[in-house]
Amino acid sequence: KLINQVVLIDYTIIILGEFNMSRDYQDAKLFFVDFDDTFYIHERSDPTYYQRVVKNPDTVYDGYASPNLALIKFLQDHPDAPIYCLTWASLSLAALPKRACFEKYLPGRQILTITTATPADKIKAMELIADMKGISYDNVLLIDDLYTTNEMAREAGFMAITPQRVQNDEYKKLLSLKGSRD
């Protein structure tokens, strides 16, 4: 794995650039997408979250979070690739509103929401599903905001990127379209 540059600032290591991947993530055949701060960006805490989940899971995130529109656009551009919402949650009740959000922004797509007890369990779930579908790990993409989870996925042979990478690449596409019309 290659790293473009490592910078040490006040005892914090910042890695600039992306790890080399054997394939372009745009060519992935199977997507696993984290929810919190990846598909939906939280704007404030919600102390009544689980009470509201039980009452009406379809509106739990209204006023508390915003959809990641660039990621949604990326997923819409890959209509044939299966998508799994893979989220780290302490209670499986969290799957209901997360599935509702995916259905709201990606209507017609069958998206299974999987909750895991730990980030490491995300990798086990990815291995199980990829194996069941017969898709090689290097054709599977994880999009997750946690760098440690992405690194675990890469170590297992999967492609893994942050939602910021998707946002950046979608923004670059928009800029190139704008430039071609000028």
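Residues numbered from 1 in each chain as written. Predicted model: local features only at pLDDT ≥ 70, side-chain atom pairs only at ≥ 80, totals over all residues. Heavy atoms only, no water.

Asks: Looking at this structure, I do not really get the side chain of Thr149. What am I missing?
Replies: Its location among the elements puts Thr149 in helix H5 (residues 147–155). The class of Thr149 is buried, set by a relative accessible area of 0%. Those residues in contact with Thr149 that lie beyond four places of it in its chain are Pro119, Lys122, Ile123, Leu142 and Asp144. (Helix = DSSP H or I, 4+ residues; strand = E, 2+ residues; numbered from the N terminus. Buried < 20%, exposed > 50% of the residue type's maximum accessible area, 1.4 Å probe, protein only. Contact = heavy atoms within 4.5 Å.)

Asks: Could you clarify how one ought to interpret helix H4 (residues 119–133) in this entry?
Replies: The α-helix advances 3.6 residues per turn, and as a result positions three or four apart in sequence lie on the same side. With 15 residues, H4 should cover 21 Å at 1.5 Å per step; its first-to-last C-alpha distance of 22 Å lies within 8% of that length. Downstream of H4 by a residue or two, Gly134 has a phi angle that is positive, lying close to 70°. (Expected span 1.5 Å × (residues − 1).)

Asks: So what exactly am I meant to see when it comes to the pattern of salt bridges here?
Replies: Pairs can form between side chains of opposite charge whenever their charged atoms are close. Taken as a whole and judged by the stated rule, the model has 11 salt bridges. Between Asp77 and Lys73 there is a salt bridge, and its shortest N-O distance comes to 2.8 Å. With relative accessibility at 37%, the residue Asp77 sits in the partly exposed group. The exposure class assigned to Lys73 is partly exposed, which follows from its relative accessible area of 40%. Arg154 is paired through a salt bridge with Glu151; the nearest N and O atoms lie 3.5 Å apart. Here the residue Arg154 and the residue Glu151 both occupy positions in helix H5, the gap between them amounting to three residues, near one helical turn. Counted as one network, the salt bridges with shared partners bring together Asp34, Lys122 and Asp144. (Salt bridge = Lys/Arg side-chain N within 4 Å of Asp/Glu carboxyl O.)

Asks: Please explain the pairing of strand S3 (residues 30–33) as it appears in this structure.
Replies: In regular strands, side chains alternate between the two faces of the sheet. Here S3 shows two buried faces, one formed by Leu30 and Phe32 and the other by Phe31 and Val33. Inspection of the sheet shows S3 paired to strand S8 (residues 140–143) by four bridges, in the parallel sense. Directly across from Phe31, in S8, lies its bridge partner Leu141. Pairing of S3 with strand S6 (residues 83–88), which is carried by three bridges, proceeds in the parallel orientation. In the strand pairing of S6, Phe31 is matched with Ile83. (Pairing = 2+ DSSP bridges.)

Asks: Which parts of the structure should I look at to understand the nonpolar core?
Replies: Grouped burial of nonpolar side chains is what soluble globular proteins tend to show. Counting residues in each nonpolar core, the largest one holds 30 residues, and the members touching the most others are Phe31, Val33, Phe39, Phe74, Leu75, Phe102 and Leu141. Of all the secondary-structure elements, those providing two or more residues to this core are S3, helix H1 (49–55), helix H2 (69–76), S6, helix H3 (95–105), S8 and strand S9 (159–161). Considering each element in turn, this core owes the most residues, four residues, to H2. Once you skip the residues sitting within four places of it in the chain, Leu141 turns out to touch Tyr25, Ala28, Leu30, Phe31, Phe32, Phe74, Met159, Ala160 and Ile161. By size, the runner-up hydrophobic cluster in this structure holds 16 residues, among which are Tyr84, Met126, Ile129 and Ala153. (Core = buried A, V, L, I, M, F, W, Y, C linked by side-chain atoms within 4.5 Å.)

That's the geometry; what it means functionally is another story.
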